[in-house]
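# Report on the structure
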Amino acid sequence: MSVRKRAAGLLTGLVTVAALAVPLAPGAAQASTPWLDDPGTCTNHQTARSAVISGRTVEVRYGNCNGKQYGWGRIRGFVSWLPDRIRFEVDINGDRIPDGHSVRLARHRNYTAAYPTASGSRRAFRACFVTSDSQPCTPNNSTAWW
């Protein structure tokens, strides 16, 4: 075997081992997110679901943002000196278990980031009133899924 072929084989083996040992850095497609930070710039806002929880009104809202429809959560009637938060949960596979969420302290902004809607019943949203970032939505503090 020539030295050149042995060197090429050794280099190929080293590259393979290195690729297995070092995690890939996220590329542009992996780094992008479907979340839209500020749906306040969207148009044609509508309320899909609402519920009154402890005197606060929580809503699942939707509208058109950059040519796509998005949903987000909003809270009204919050108490500004309390830790009132709006939480928005997203189910993407139809099991009605949240796959993602956005939480905002209401006194800073009374609506969450937005997530793209989808046709069909697999994607669903709900919004809830919580008092900590880690508190989840439950049937007692949230809207129904939409």
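A brief report on the enclosed structure follows. Keep in mind it's a predicted model, so treat the numbers as computed, not measured.

With that out of the way, let us pick up the pairing of strand S2 (residues 56-65). Across the 10 residues that make up S2, a large majority, nine, are buried. In terms of strand pairing, strand S1 (residues 43-53) meets S2 through eight bridges, oriented antiparallel. The residue of S2 that forms the bridge with Thr-47 is Arg-61. Joining the antiparallel neighbours S1 and S2 is a turn of two residues, in which Ser-54 adopts a positive phi near 50°. Pairing geometry for S2 and strand S3 (residues 68-76), over nine bridges, is antiparallel. By the bridge assignment, Tyr-62 is partnered in S3 with Gly-71. Linkage of S2 to S3, two consecutive antiparallel strands, is achieved through a turn of two residues, within which Asn-66 is found at a positive phi near 50°.

Moving on, we get to the nonpolar core. In this structure, Val-58, Val-60, Ile-75, Phe-88 and Phe-125 are the most contacted members of the largest nonpolar core, which totals 15 residues. Secondary-structure elements contributing two or more residues to this core are S1, S2, strand S4 (85-91) and strand S7 (124-130). Within the second largest apolar cluster, seven residues are counted, among which are Cys-42, Trp-72, Tyr-111 and Ala-114.

Enumeration according to the criterion identifies nine salt bridges in this entry. The salt bridge partner of Asp-37 is Arg-104, with a shortest N-O separation of 2.7 Å. With Asp-37 in the loop between helix H2 (28-31) and S1 and Arg-104 in strand S5 (residues 100-105), this pair connects stretches of sequence that are 67 residues apart. Glu-59 is the partner of Arg-76 in a salt bridge, and the nearest nitrogen-oxygen pair spans 3.0 Å. Remark: Glu-59 occurs in strand S2 and Arg-76 occurs in strand S3; sequence separation between them is 17 residues. Via salt bridges that share partners, Glu-59, Arg-74 and Arg-76 belong to a single interconnected network.

What counts and what doesn't
Within every chain, residues take consecutive numbers counted from 1 along the sequence as written. Only residues with pLDDT of 70 or above have their local features reported here, since the model is predicted, and side-chain atom pairs are shown and tallied only from 80 upward, although totals for entire chains, interfaces and linings are computed over all residues. Values shown for side chains rest on all heavy atoms present in the structure; no hydrogens or waters enter the calculation. Only protein chains enter the calculation, and the probe is 1.4 Å; a residue is then buried if its accessible area is under 20% of its type maximum, exposed if over 50%, and partly exposed in between. Each helix corresponds to a stretch of at least 4 residues labelled H or I by DSSP, and each strand to a stretch of at least 2 residues labelled E; elements are numbered beginning at the N terminus. Two strands form a pair only when DSSP identifies at least two bridges running between them. For the purposes of this section, nonpolar cores are sets of buried Ala, Val, Leu, Ile, Met, Phe, Trp, Tyr and Cys residues that join through side-chain atoms within 4.5 Å. Here a salt bridge means any side-chain nitrogen of Lys or Arg lying within 4 Å of a carboxyl oxygen belonging to Asp or Glu.

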